[in-house]
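# Remarks on the overall topology
Each chain, letter by letter, is given below.
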Amino acid sequence: MSTSIRRVGVVGGGQMGAGIAEVCARAGLDTVVCETDATTARAARERVAVSLERAVQRGKMDRISAEDAQARLLFTGDLDDLADRQLVIEAVVENAEAKIEVFAALDKIVEDREAILATNTSAVPVMRLGMATGRADRVVGLHFFNPVPVLPLVEIVTSLHTSDRVAALTEGFVRDTLGKTAIRSQDRAGFVVNALLVPYLLAAVRMAESGFATATDIDEGMVLGCAHPMGPLRLADLIGLDTVAAIAQSLYDEFKEPLYAPPPLLQRMVQAGLLGRKTGRGFHAYGRD
């Protein structure tokens, strides 16, 4: 079934959206990326171009394949350009109201009533987004992981309305077209991975907040002592501290477990705009590309 999806749209060209668009283009799909305006659309195009060039330089793909992938991408600032898409993946800011607005608009714009509307959300209930449309049975969660071109996992999240056919179709698309591994999750806050990961990250934040150990020592402890590829605070910086805080709040709102509550230090860092790698500073400092 997955071979029937050839025209894909991505709403949002930030770190996650650009990565999703890249893997779709590399898989041979006609891919349209929609940003808020022409300026941000150009920034998204550059983001993908840099990633493709990096893949070439690292020997992960050849120059011709990179150029072919680039040619399959169209960047726009007009949501109407997604009208003919068979699958649209929303990857805007992790904010419920913003995502609901996108889904309500897509419901009116995407012409094919059999098209699938997917969300890359880490925290917003898929059901809530589906109910913003008149086709909740066609709405599903497709949760990719950063960096999207590298990490092989995608969580498929079905709401109470998502049809079995849509779930099967999206799983086939992820596995057969994108070449990634799919796991299924119920529509609960955090899904599978973040429900396990975020309490670990928050425990590391609390340890740093209390002065028990430095951020560097916490990260080195888990890398060198537990063979983790990256320490928890560097991982939080990579994910984005705003995203970590949003997921934590969503988990706490749903389960009311203290281990899910975002620590004060995390909240203050988000308020200060110290969001991690994407802003150049979080628990660690980063050079800006």
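Up top you'll find the structure we're talking about.
Scope of this entry: the structure provided in the associated data block. (Residues numbered from 1 in each chain as written. Predicted model: local features only at pLDDT ≥ 70, side-chain atom pairs only at ≥ 80, totals over all residues. Heavy atoms only, no water.)

Below, the discussion takes up the layout of surface pockets. Size it by volume and the second largest pocket reaches roughly 170 Å³. Around the second largest pocket, the lining is made up of 11 residues, and of these Ser4, Asp112, Glu114, Arg138 and Leu169 lie nearest the centre. Its residues assigned to classes, the lining of the second largest pocket shows 5 nonpolar, 2 polar and 4 charged. (1 Å grid on protein atoms, 1.4 Å probe; cavity = no way out; pocket = protein on both sides within 12 Å on 5 of 7 lines; lining within 4 Å. Points joined across faces, edges and corners; volume = space filled by probe spheres on them. Nonpolar A, V, L, I, M, F, W, Y, C, P; charged D, E, K, R; others polar.)

A few words now on the packing of helix 9 (residues 232–239) against helix 10 (residues 241–255). Axis separation between helix 9 and helix 10 bottoms out at 5 Å; the angle between their running directions is 95°. Between helix 9 and helix 10, the crossing angle belongs to the class labelled roughly perpendicular. In contact with Ala236, Asp237 and Ile239 of helix 9, helix 10 contributes Leu241, Thr243 and Val244. Residues belonging to the contact of helix 9 with helix 10 are distributed by class as follows: 4 nonpolar, 1 polar and 1 charged. (Axes fitted to C-alpha atoms, helices over the stretch in contact; angles between N-to-C directions. Helix = DSSP H or I, 4+ residues; strand = E, 2+ residues; numbered from the N terminus. Parallel < 35°, antiparallel > 145°, perpendicular 65-115°, else oblique. Contact = heavy atoms within 4.5 Å.)

To continue, consider the pairing of strand 4 (residues 87–90). A two-sided burial pattern is seen for strand 4, the buried positions comprising Leu87 and Ile89 on one face and Val88 and Glu90 on the other. As paired strands, strand 1 (residues 7–11) and strand 4 are joined by 4 bridges and run parallel to one another. Looking at strand 4, one finds that glycine 9 is bridged to valine 88. Bridge count for strand 4 against strand 5 (residues 116–119) is 4 bridges, and the pairing is parallel. Of the residues in strand 5, the one forming a bridge with glutamate 90 is threonine 119. At this point the chain moves from strand 4, through helix 4 (residues 96–109), to the parallel strand 5, and the crossover so formed is right-handed. (Buried < 20%, exposed > 50% of the residue type's maximum accessible area, 1.4 Å probe, protein only. Pairing = 2+ DSSP bridges. Right-handed = clockwise from strand over helix to strand, strands pointing away.)

A few words on the pattern of salt bridges. Applying the stated rule across the entire model yields 16 salt bridges. The shortest N-O distance in the salt bridge between glutamate 94 and lysine 99 comes to 3.7 Å. A network of salt bridges, in which partner residues are shared, links Arg7, Asp30, Asp84 and Arg85. (Salt bridge = Lys/Arg side-chain N within 4 Å of Asp/Glu carboxyl O.)

With that settled, consider the packing of aromatic side chains. Evaluation of the coordinates by the stated rule reveals 1 aromatic pair. Pairing phenylalanine 255 with tyrosine 260 gives two aromatic rings, centres 5.7 Å apart and planes at 40°, and the pair type is tilted. (Phe/Tyr/Trp six-rings, centres within 6.5 Å; stacked < 30°, edge-to-face > 60°.)

A few words on the packing of helix 8 (residues 215–226) against helix 9. Closest axis-to-axis distance for the helix 8/helix 9 pair is 7 Å, and the angle between their directions is 105°. Regarding the angle of helix 8 to helix 9, the classification is roughly perpendicular. Taking contact as the criterion, the partners of Ala215, Ile218, Asp219 and Met222 in helix 8 are, on helix 9, Pro232, Leu233 and Arg234. Along the lines of polarity and charge, the residues of the contact of helix 8 with helix 9 split into 5 nonpolar, no polar and 2 charged.

Before going further, it helps to examine the environment of leucine 259. Take leucine 259: it is sitting in the loop between helix 10 and helix 11 (264–271). Beyond its immediate stretch of four places on either side in the chain, leucine 259 contacts Pro199, Leu202 and Arg206.

Grouped together as the largest cluster of nonpolar side chains are 39 residues, with contacts concentrated most on Val8, Ile20, Leu87, Ile89, Leu142, Phe144 and Phe173. Aside from chain neighbours lying at most four places away, what touches isoleucine 20 is Val10, Ile89, Ala91, Asn120, Phe144 and Val148. Residues Ala189, Ala204, Leu241 and Ile247 belong to the second largest nonpolar core, which totals 22 residues. (Core = buried A, V, L, I, M, F, W, Y, C linked by side-chain atoms within 4.5 Å.)

Quick look at the sheet that holds strand 2 (residues 30–34) now. Overall, mixed pairing links the 8 strands, which are arranged 3-2-1-4-5-6-7-8 in an open sheet. At either margin of the open sheet sits one strand with a lone partner, and together these are strand 3 (73–76) and strand 8 (181–186). On average, adjacent strands in this sheet sit at an angle of 25° to one another, irrespective of strand direction. The strands touched by helix 4 within the sheet are strand 1, strand 4, strand 5 and strand 6 (139–144), with strand 5 carrying the most contacts at an inclination of about 170°.

Below, the discussion takes up helix 1 (residues 15–26). Relative to the 16 Å expected for 12 residues at 1.5 Å per residue, helix 1 spans 17 Å between its end C-alpha atoms, a close match to the ideal helical length. Of all 12 residues in helix 1, 10 are buried, a share of seventy percent or more. Within helix 1, the full set of buried residues consists of Met16, Gly17, Ala18, Gly19, Ile20, Ala21, Glu22, Val23, Cys24 and Ala25. Downstream of helix 1 by a residue or two, glycine 28 has a phi angle that is positive, lying close to 90°. (Expected span 1.5 Å × (residues − 1).)

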